[in-house]
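# A structural walkthrough
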Amino acid sequence: QRYSLYAGLRPQLRDAMRVQDGDLEERPDADDVVVHVRLCDGPVHQYKYYSWKNYFSHVLPRINPPPKRIKIVTACNPRRNGVVKDLLENIPNAEVAKPRLRGSPTTAKSVAADFAFMARAKRLVVTESTFSFWAAFLGDAHEVHAPSAGVLPAPLGEKGYVFHDVDAKAYWGLYNSTARRVAYRYGG
């Protein structure tokens, strides 16, 4: 995917691809922070590994105002060693979200419910994931924490995005359109 193909088209794409969530049993509260964890316990391909140590510990404690709840959207088993277990152990107000579609005959995870739940978050922390990238881009968030470098394109000109670069250990970056680069507040 190439961000240049849809740069500046976010409002039109949001209108054309409106996420339907009327069937969600639960929506994130306005002061929740929703976190998407893609890789459960280590890097397995070209995507970077976003862990408590290299990413989330630099982002979540600095979010202001502090969230009442941090809802984790993931397909990972929270009892196994890995990112989700680390988040639950390090953040007292974190819990695994279990979005469901109303009337679903099963308690199994639903990617449609996960996508709609993330898209309805007002504050969202994503990793290098096409799934969460599009939920953030098409959704309602006014604050999106996202990778600034990697396989996926960084939506540099979009309002509300805060960028983080785990390789450079640079965090809390805002895009400066005049300088045409991300300026980071911490690290780098």
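Residues numbered from 1 in each chain as written. Predicted model: local features only at pLDDT ≥ 70, side-chain atom pairs only at ≥ 80, totals over all residues. Heavy atoms only, no water.

### What about the layout of surface pockets?
Taken as a whole, the largest pocket encloses approximately 190 Å³ of empty space. Lining the largest pocket are twelve residues, and of these Thr 74, Val 96, Ala 97, Lys 98 and Lys 109 sit closest to its centre. By residue class, the composition of the lining of the largest pocket is seven nonpolar, two polar and three charged. (1 Å grid on protein atoms, 1.4 Å probe; cavity = no way out; pocket = protein on both sides within 12 Å on 5 of 7 lines; lining within 4 Å. Points joined across faces, edges and corners; volume = space filled by probe spheres on them. Nonpolar A, V, L, I, M, F, W, Y, C, P; charged D, E, K, R; others polar.)

### Here we look at the environment of Val 144
Relative to the elements of secondary structure, Val 144 occurs in strand β5 (residues 143-147). In this structure the C-alpha to C-alpha distance between Val 144 and Ser 177, which are 33 residues apart in sequence, comes to 18 Å. The contacts of Val 144, once residues within four sequence positions are left out, are Leu 124, Val 126, Ala 136, Gly 160, Tyr 161 and Val 162. (Helix = DSSP H or I, 4+ residues; strand = E, 2+ residues; numbered from the N terminus. Contact = heavy atoms within 4.5 Å.)

### What about helix α3 (residues 83-90)?
Val 83, Val 84 and Leu 87 are the residues of α3 that are buried. Projected down its long axis, α3 carries its buried residues within an arc of 100°, all on one side. Along its buried surface, α3 packs onto β1 (33-37), α2 (52-59), β2 (70-74) and β3 (94-96). (Buried < 20%, exposed > 50% of the residue type's maximum accessible area, 1.4 Å probe, protein only. Arc of directions from axis to C-beta.)

### Description of the pairing of β2
Among the five residues of β2, five are classified as buried, and the element is accordingly described as predominantly covered. Of the two faces of β2, both are covered, the one formed by Ile 70, Ile 72 and Thr 74 as well as the one formed by Lys 71 and Val 73. The sheet contact formed by β1 and β2 spans five bridges and is parallel. Residue pairing for β2: Val 33 is matched across the bridge by Ile 70. Direction of pairing for β2 relative to β3: parallel, over a ladder of three bridges. Counted as the bridge partner of Lys 71 is Glu 95 from β3. Of the crossover connections in this fold, the one passing from β2 over α3 to the parallel β3 is right-handed. (Pairing = 2+ DSSP bridges. Right-handed = clockwise from strand over helix to strand, strands pointing away.)

### Quick look at the sheet that holds strand β7 (residues 170-176)
What the eight strands build is an open sheet, ordered β3-β2-β1-β4-β5-β6-β7-β8; its pairing is mixed. Both outer strands of the open sheet, β3 and β8 (181-187), are each paired with one neighbouring strand and no more. Each adjacent strand pair in this sheet contributes to an overall mean axis angle of 25°, direction not counted. The pairing of β7 with β8 spans six bridges and is classified as antiparallel. In the sheet register, Leu 174 faces β8, and the bridge partner there is Ala 183. Against the sheet, α3 engages β1, β2 and β3, with an angle of about 145° to β3. (Axes fitted to C-alpha atoms, helices over the stretch in contact; angles between N-to-C directions.)

### Considerations on α2
Among all positions in α2, only Trp 52, Tyr 55, Phe 56 and Val 59 are buried. Buried residues along α2 cover an arc of 120° about the axis, so they all sit on one side. Of the surrounding elements, those touching the buried residues of α2 are β1, α3, β4 (123-125), β5, β6 (161-165) and β7. Sitting at the head of α2, Ser 51 places a side-chain oxygen 3.3 Å from the backbone nitrogen of Lys 53. (Polar contact = N/O pair within 3.5 Å; in protein donor to acceptor, adjacent residues only side chain to side chain.)

### Re the pattern of salt bridges
On inspection of all chains with the given rule, the structure shows nine salt bridges. A salt bridge links Glu 26 to Arg 69; the nearest nitrogen and oxygen atoms lie 3.7 Å apart. Separated by 43 residues along the polypeptide, Glu 26 in the loop between α1 (10-16) and β1 and Arg 69 in the loop between α2 and β2 bring together distant segments of the chain. In this structure, Glu 26 engages Lys 71 in a salt bridge whose closest nitrogen and oxygen atoms are separated by 3.5 Å. One end of the pair, Glu 26, is in the loop between α1 and β1; the other, Lys 71, is in strand β2, and 45 residues separate them in sequence. Owing to a relative accessible area of 3%, Lys 71 belongs among the buried residues under this scheme. Here the salt bridges do not stand alone but share partners, grouping Glu 26, Asp 29, Asp 32, Arg 69, Lys 71 and Glu 95 into one network. (Salt bridge = Lys/Arg side-chain N within 4 Å of Asp/Glu carboxyl O.)

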